[in-house]
Amino acid sequence: MVASLYSIKVNCLNCNIEFETLKPRSKFCIVLSKDTDFCNHYKDYVNPYFYEVYVCPQCGFAFTENFNEKLREDVKREFYEKVALKWYKRYQYSFARTLGTAIEAYKLALLTANIVKEKDWVIAGLALRLGWFYRYQKNLGNELKFLTIARDYYLKAYNEDGLRGYENPEITILYLIGELSARIGDNETALKYLAKVTEYESREFHKAIVNQARDRWYSIKELARAK
Ligand SMILES: [Zn+2]
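Quantities reported herein were computed from a predicted structural model and do not represent experimental measurements.

Cut-off values and rules
Residues numbered from 1 in each chain as written. Predicted model: local features only at pLDDT ≥ 70, side-chain atom pairs only at ≥ 80, totals over all residues. Heavy atoms only, no water. Donors = N, O, S within 2.8 Å, 3.2 Å for Na, K, Ca; no water. Tetrahedral: all angles 85-135°; square planar, octahedral: opposite > 155°, others 65-115°. Helix = DSSP H or I, 4+ residues; strand = E, 2+ residues; numbered from the N terminus. Buried < 20%, exposed > 50% of the residue type's maximum accessible area, 1.4 Å probe, protein only. Contact = heavy atoms within 4.5 Å. Core = buried A, V, L, I, M, F, W, Y, C linked by side-chain atoms within 4.5 Å. Phe/Tyr/Trp six-rings, centres within 6.5 Å; stacked < 30°, edge-to-face > 60°. Lys NZ or Arg CZ within 6 Å of the ring centre and 35° of its normal.

Peer 1: Please clarify how the coordination of the zinc ion should be interpreted in this entry.
Peer 2: Each pair of donors in an ideal four-coordinate tetrahedral metal site encloses 109.5 degrees, whereas pairs in an ideal six-coordinate octahedral site enclose 90 or 180 degrees. Protein-derived ligands of the zinc ion are Cys 12 (SG), Cys 15 (SG), Cys 56 (SG) and Cys 59 (SG), with the metal-ligand distances lying across 2.3 Å. Geometry at the zinc ion is tetrahedral, judged from the four donor atoms that bind it and their angles of 105 to 118° at the metal. Written as a sequence motif, the donor residues of the zinc ion are C-x2-C-x40-C-x2-C. Of this pair, Cys 12 sits in the loop between strand E1 (5-11) and strand E2 (18-24) while Cys 56 is found in the loop between strand E5 (54-55) and strand E6 (62-63), placing the two residues 44 residues apart along the sequence. Accessibility expressed as a relative area gives 1% for Cys 12, which makes it buried.

Here it is in structure tokens:
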């Protein structure tokens, strides 16, 4: 096994079998740069994002730590009909992942999340990662396609009070809605949500993100004016 990776055991949420999957050791994950939507660029592709999705080799169920652990019987049946029935046993996701296999694993997770009706912020997070993966590939068309899906699901989660269990403070989602809107060319929504972030001004621990939102707000305004 590659020294930068170690093996963990995971139980499939659907068929319950135990399988092995890999994780990168954090000391090997070296951040070279960060984008304004929090996308990290890692040295030598030892990238923790690649391994956040677990793919069951037996049934094809693809999930992350954020998925609901209990699946309803009707959902299991739907998953069986749409995925498991056509799945043949495969182990390629249990080894070191390339950008290509990471994209496949996340697409499987996005498909699974839609079938099991995962929380909107979970679906948004998967789409956001896919957008970043296409950014690594310099495939702008697909990057924007997945950033749009992410933005729409974050917006839905925020507006429909669907943030239960969300791993970060609410301000992060407001910032991401603003930032992703700017990237997909929806400046009106971008300015509105980045301005909302700055309302958190008085809370000391949000200082960095408030300042970043203000910087982004001004640069989007500037760009719009220059056009
Ligand atoms: Zn399974």
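Peer 1: I'm lost on the side chain of Asn 14 in this one. Help?
Peer 2: Looking at the secondary structure, you find Asn 14 in the loop between E1 and E2. A relative accessible area of 12% means that Asn 14 is categorised as buried. With near-sequence residues (within four places) excluded, Asn 14 lies in contact with Cys 59, Phe 61, Leu 71, Lys 76 and Phe 79.

Peer 1: Just checking my understanding: could you explain the nonpolar core for this structure?
Peer 2: Where a protein is soluble and globular, its nonpolar side chains tend to be buried together. Counting 78 residues, the largest nonpolar core has Phe 61, Phe 67, Phe 133 and Tyr 154 as its most contacted members. The contacts of Phe 61, once residues within four sequence positions are left out, are Cys 12, Leu 13, Asn 14, Tyr 54, Val 55, Cys 56, Phe 67, Leu 71, Phe 79, Thr 112 and Val 116.

Peer 1: Help me out: how do you make sense of the packing of aromatic side chains in this one?
Peer 2: Remark: the centre distance and the inter-plane angle together describe each pair of aromatic rings, the angle taken between the planes. Counting across every chain of the model gives 13 aromatic pairs. Considering the side-chain rings of Trp 121 and Tyr 166, the 5.3 Å spacing of their centres and the 70° angle between planes classify their relative orientation as edge-to-face. Placement of Trp 121 in helix H3 (residues 120-136) and of Tyr 166 in the loop between helix H4 (140-159) and helix H5 (170-183) is noted, with a sequence separation of 45 residues between them. By way of ring pairs, the aromatic residues Phe 50, Tyr 106, Phe 133 and Tyr 136 are connected into one cluster. Residue placement shows Arg 90 over the ring face of Trp 87; its charged tip is 3.8 Å from the ring centre. In this structure, Arg 90 is placed above the aromatic ring of Tyr 88, and the distance from its NZ or CZ to the ring centre is 4.1 Å.

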